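Structural description and commentary
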Amino acid sequence: MDGVLEGMPLFAKELIAGGVAGGFAKTAVAPLELIKILFQTRQAEFQSLGLSGSFTKIAKTEGALGFFRGNGASVVRIVPYAALHFMAYEEYRRWIIQSIPGVGRGPVLDLVAGSFAGGTAVLFTYPLDLVRTKLAYQVVGSQKLNVQGLATGEQFYKGIRDCFSKTYKEAGIRGLYRGVAPSLYGIFPYAGLKFYFYEKMKSHVPQERRKSITVKLACGSVAGLLGQTFTYPLDVVRRQMQVQRLSASSSSHEMKGTLDTLVMIVQRHGWKQLFSGLSLNYLKVVPSVAIGFTVYDLMKSYLRVPSRDEAVVEVVTSRRNSKPSSLHS
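Reading the values: rules and limits
Residues numbered from 1 in each chain as written. Predicted model: local features only at pLDDT ≥ 70, side-chain atom pairs only at ≥ 80, totals over all residues. Heavy atoms only, no water. UniProt positions renumbered as here; feature names shortened; annotations may be inferred. pLDDT = per-residue confidence, 0-100. Helix = DSSP H or I, 4+ residues; strand = E, 2+ residues; numbered from the N terminus. Contact = heavy atoms within 4.5 Å. Phe/Tyr/Trp six-rings, centres within 6.5 Å; stacked < 30°, edge-to-face > 60°. Buried < 20%, exposed > 50% of the residue type's maximum accessible area, 1.4 Å probe, protein only. Polar contact = N/O pair within 3.5 Å; in protein donor to acceptor, adjacent residues only side chain to side chain.

Going by the annotation in an unreviewed UniProt entry, the name recorded for the protein chain is Mitochondrial adenine nucleotide transporter adnt1, with Nicotiana attenuata given as the source organism. Looking at the Function (unreviewed entry) heading of the UniProt record, one finds this comment for the protein chain: "Required for the accumulation of coenzyme A in the mitochondrial matrix." Quoted verbatim from the Sequence similarities (unreviewed entry) field of the UniProt record, the comment on the protein chain reads "Belongs to the mitochondrial carrier (TC 2.A.29) family."

**Regarding the confidence of the model for the protein chain**
Residue-level pLDDT values for the protein chain average 80, and 82% of them are 70 or greater. Per-element mean pLDDT across the protein chain ranges from 58 in helix α13 (residues 308–328) up to 93 in helix α2 (residues 10–28). Across residues 148–153 the pLDDT falls below 50, and counting only partners more than four positions away or on other chains, this stretch makes four contacts in the model.

**Regarding the packing of aromatic side chains**
The description of two aromatic rings rests on the distance between their centres and on the angle between their planes. A complete count under the given rule lists twelve aromatic pairs for this structure. Between F86 and Y296, the aromatic rings sit 4.0 Å apart at their centres with planes inclined by 20°, giving stacked as the arrangement. Remark: Y296 occurs in helix α12 (residues 278–302) and F86 occurs in helix α6 (residues 71–99); sequence separation between them is 210 residues. Across this residue pair, the class does not change: F86 and Y296 are buried. Pairwise contacts between aromatic rings join F86, Y89, F195, Y198, F293 and Y296 into one cluster.

**A look at the side chain of S115**
With respect to the element layout, S115 can be found in helix α7 (residues 107–137). A distance of 2.8 Å separates a polar side-chain atom of S115 from the backbone oxygen of F188.

Put into structure tokens, the structure is as follows:
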């Protein structure tokens, strides 16, 4: 095992650490994620029930496994997403430091690197997020689905592969990326702010206490809380765009863009709908981001990833050493 770790490239270790962290955190909060999506997209049906009522409805209609509906697609998406996000963040951070002499190593660097890393990860994994939302939307026993050719109570999508196939047949690649615009608008500030606040919080902690799991969880919680608050309305718009065709209030010929969807939500339900499920999202985001950052740092220690400053030196040294050999090849 020691030999494998020593021979493993730095980016591969970061990919593994990020993937494990993302999968672990996402599964831990899957039930709350499901309820949040239903609050956002089927507000009349579920908001009247409240949090406990929604949990009871799903438990009665689908059982315990119903809380993890679509979680397979969610984990399949989040593992590569988190892996790319964390790895790209580290790579962008090192690239900025190497490319811009004298650049500061403070939280602003983390803000920029995190923002670009978030956008990169979204572009590669968005179709899986779309599938996860569609599968979560069709809770058994609903009377709100209105898809042509679909009998009442019948599930339109039978699984991840079926959802991919039908979505692609209906609208091609554009269908798989429906709602990606508000995702990008939201992820750039959210991902950047998340890393910014996490590193900013840690900078105020004494060096000898930064390895404490409790400290990491606390810093991650505040980072997720603040980052999500600023960008939540775009998340509501994105979810609504993803499920437009399944909604009884819109036909397949009325597919709206980002701004149109935003205006439609405000006109029909008021501006408060843009923050629908935000309090519930806090319950999800706080443990999710906290667990994600904590597991990522623990995995980096386990995989013997050097500190960020040491990693920059290591990458620069390895590139310099590789140049003479490439000239002789």
